[in-house]
Amino acid sequence: MDKNERLTMIVFDGDLDKAMASFIIATGAAAMGKQVTMFFTFWGLNVLRKEEVIHAKKSFMEKMFARMMPRGPKKLGLSNMNMAGMGPKVMKRMMKEKNVSSLEELIEMAQDLDVKMVACTMSMDVMGLQQEELIDGLEYAGVASYLAEADEANTNLFI
Amino acid sequence: MDKNERLTMIVFDGDLDKAMASFIIATGAAAMGKQVTMFFTFWGLNVLRKEEVIHAKKSFMEKMFARMMPRGPKKLGLSNMNMAGMGPKVMKRMMKEKNVSSLEELIEMAQDLDVKMVACTMSMDVMGLQQEELIDGLEYAGVASYLAEADEANTNLFI
Amino acid sequence: MDKNERLTMIVFDGDLDKAMASFIIATGAAAMGKQVTMFFTFWGLNVLRKEEVIHAKKSFMEKMFARMMPRGPKKLGLSNMNMAGMGPKVMKRMMKEKNVSSLEELIEMAQDLDVKMVACTMSMDVMGLQQEELIDGLEYAGVASYLAEADEANTNLFI
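Throughout what follows, the structure given in this document is the object of discussion.

The rules behind each value
- Residues numbered from 1 in each chain as written.
- Chains lettered and ligands numbered in written order.
- Predicted model: local features only at pLDDT ≥ 70, side-chain atom pairs only at ≥ 80, totals over all residues.
- Least-squares fit on C-alpha atoms with pLDDT ≥ 70 in both.
- Contact = placed C-beta atoms within 7 Å.
- Pairing = 2+ DSSP bridges.
- Helix = DSSP H or I, 4+ residues; strand = E, 2+ residues; numbered from the N terminus.
- Axes fitted to C-alpha atoms, helices over the stretch in contact; angles between N-to-C directions.
- Nonpolar A, V, L, I, M, F, W, Y, C, P; charged D, E, K, R; others polar.
- Core = buried A, V, L, I, M, F, W, Y, C linked by C-beta atoms within 7 Å.
- Buried ≥ 20, exposed ≤ 12 C-beta atoms within 10 Å, placed from the backbone.
- Parallel < 35°, antiparallel > 145°, perpendicular 65-115°, else oblique.
- Arc of directions from axis to C-beta.

1. Some points on the relation of the copies chain B and chain A
Right, on to step 1. When chain B is fitted to chain A, the residual RMSD is 0.0 Å, and the transformation amounts to a turn of 120° plus an axial shift of 0.0 Å. In symmetry terms, the pair is related by a three-fold rotation axis.
Right, on to step 2. Counting the interface residues of chain B, we find that no more than 5% of their copies in chain A are interface residues as well, pointing to two distinct contact surfaces.

Here you go:
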């Protein structure tokens, strides 16, 4: 397989704007016929969290941590001009006015286009996140799996 | 064309330090004879804004947004140790003492070296920025154009 | 040498979480037999600082700057949920409970695995950092050296 037919990205940040950028690139590349792998790690995992509270067995610290982190695309902040949560609202409204897809729609689109979404198992372990707390259709793997995929792709981004 | 003769970067962040890093890499690569494309998106567009206020036709929300975002290289903050604007001043003074080019000079240098600077049209639309608000000599394109260029380059960075 | 046998990264951020991510990728790649080069620039240099205060000859501004920046892996903050320094403590404790190596251990591991760690001389100059303030075993170079290495590698990340 030609390297130009593949693209990988590590989604490290869990901000709405960076998540938007990731999925715009991912769906754009997939629409052009590329095989895309998104590897979600650290705060990036928050993008994949289900909106509802899932009662998983956790230590006290894990519970606190999970409670403080945003649950899914609707709750993410901005990396810039967040203004205590007003920034994301303004940006979402401006996106809607311009008919730009929301992050939730982009995630669905990515899944329809067979973008491979991988959750980093080590980060899940550290942050105390369990599979039932994340959306369906994910794969679970570690850094070795990411590196093997990056070898097969020409474009590898860290976002 | 050999892939090593090209380099692309997505400039997502609009902080002075990250913008400096982008342009140092871009001008360095261009000086080595590489064909460099910088794709400015989201907050990265602020790096390209003209310093003066441009009265473009905008909705109320676009006006507010434009007013709150920094206009050009002189107004950018730091991603770290910003300290309410004192950080950038300190860093600029330290750069000057060491004879490091300012961001404004690096941008000029990039243009002299034929670095291709592309403004992301979708981000411009969402943020309500218009072509007359950005510096001259830019190209305007979307994610598909970026992806096509990344295919032709060995090094593709997301900054 | 095959491009897949090499990997480079620019470590720009000086946050604990991003530094962890960098070293997890670096040591993972090195363990798979890749030749890895980490190029530390701007805030990333703080990851390499010695813990103790080094009395180097500095200007007043350089002294102030050096005093305000974290000295080494134990002092780094988080890019997210830093909560005035409590975030890093919580994350370190959670990492320990899960038997994940600390950043100090990862740095040691990287050195044992012959990961090439390069400090950006221009950034050192701007930030007023001197070689005796950084850990041993580093190389010192500029952007041209980074670009030459990136040409030889398939995966090039900016973190």
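Back to the write-up after that little detour.
2. Points about the relation of the copies chain C and chain A
Right, on to step 1. Of the transformation placing chain C onto chain A, the axial shift is 0.0 Å and the rotation is 120°, giving an RMSD of 0.0 Å.
Right, on to step 2. Of the interface residues in chain C, just 5% have counterparts in chain A that sit at the interface too, so the contact is made through distinct surfaces.

3. Digging into the sheet that holds strand E3 (residues 116-120) of chain B
Residues and elements named next belong to chain B.
Right, on to step 1. Across the sheet, 5 strands lie side by side as E4-E3-E2-E1-E5; this open sheet has parallel pairing. Looking at strand neighbours, the two that pair on one side only are strand E4 (139-141) and strand E5 (155-158), the edges of this open sheet. Between one strand axis and the next, the sheet turns through 20° on average, direction left out of account.
Right, on to step 2. Direction of pairing for strand E1 (residues 6-11) relative to E5: parallel, over a ladder of 4 bridges. Along E5, the bridge assignment pairs Met 9 with Leu 157.
Right, on to step 3. Sheet strands in contact with helix H6 (residues 143-151) are E1, strand E2 (35-40), E4 and E5, and its direction is about 145° off that of E1.

4. Quick notes on the sheet that holds strand E3 (residues 116-120) of chain A
Residue and element names in this part refer to chain A.
Right, on to step 1. What the 5 strands build is an open sheet, ordered E4-E3-E2-E1-E5; its pairing is parallel. Since the sheet does not close on itself, it has two edges, and those belong to strand E4 (139-141) and strand E5 (155-158), each with one partner. Neighbouring strand axes in the sheet, compared pairwise and without regard to direction, differ in orientation by 20° on average.
Right, on to step 2. Pairing geometry for strand E2 (residues 35-40) and E3, over 4 bridges, is parallel. Bridge assignment links Thr 37 to a residue of E3, and that residue is Lys 116.
Right, on to step 3. In the packing of helix H6 (residues 143-151) onto the sheet, the strands contacted are strand E1 (6-11), E2, E4 and E5, and the crossing angle to E1 comes to about 145°.

5. Overview of the interface of chain B and chain A
Right, on to step 1. Facing 19 residues of chain B, the contacting portion of chain A comprises 21 residues.
Right, on to step 2. When residues in the side of chain B that touches chain A are grouped by element, the largest group, 5 residues, is from H6(B).
Right, on to step 3. Its residues assigned to classes, the side of chain B that touches chain A shows 13 nonpolar, 4 polar and 2 charged.

6. Topic: the nonpolar core
Right, on to step 1. In this structure, A:Phe40, B:Phe40 and C:Phe40 are the most contacted members of the largest nonpolar core, which totals 150 residues.
Right, on to step 2. Setting aside residues no more than four positions away along its own chain, C:Phe40 makes contact with C:Val11, C:Leu45, C:Val47, C:Leu48, C:Met117, C:Val118, C:Ala119 and C:Cys120.

7. Concerning the packing of helix H1 (residues 16-31) of chain B against helix H6 (residues 143-151) of chain C
Right, on to step 1. Across the interface, H1(B) lies against H6(C) with an axial gap of 10 Å and an inter-helix angle of 70°. Looking at the two axes, H1(B) sits roughly perpendicular to H6(C). Residue-level contacts link B:Ile24, B:Ile25, B:Gly28 and B:Ala29 of H1(B) to C:Val143, C:Ala144 and C:Leu147 of H6(C).

8. Things to note about the interface of chain C and chain A
Right, on to step 1. Of the residues lining the interface, 21 residues belong to chain C; the matching set on chain A comes to 19 residues.
Right, on to step 2. Counting only elements with at least two residues in the side of chain C that touches chain A, the list comes to helix H1 (16-31), helix H3 (86-97) and strand E5 (155-158) of chain C.
Right, on to step 3. Taken together, the residues of the side of chain C that touches chain A sort by class into 13 nonpolar, 5 polar and 3 charged.

9. Considerations on helix H4 (residues 103-112) of chain C
Residue and element names in this part refer to chain C.
Right, on to step 1. All of the buried residues in H4 are Leu 103, Leu 106, Ile 107 and Ala 110. Across the axial projection of H4, the buried residues extend over an arc of 100°, all falling on one side.
Right, on to step 2. Tucked into the core, H4 has its buried residues touching H1 and strand E3 (116-120).
Right, on to step 3. A positive backbone phi angle near 60° is found at Asp 114, which sits one or two residues after H4.

Scope: geometric values only; no functional claims are made or implied.
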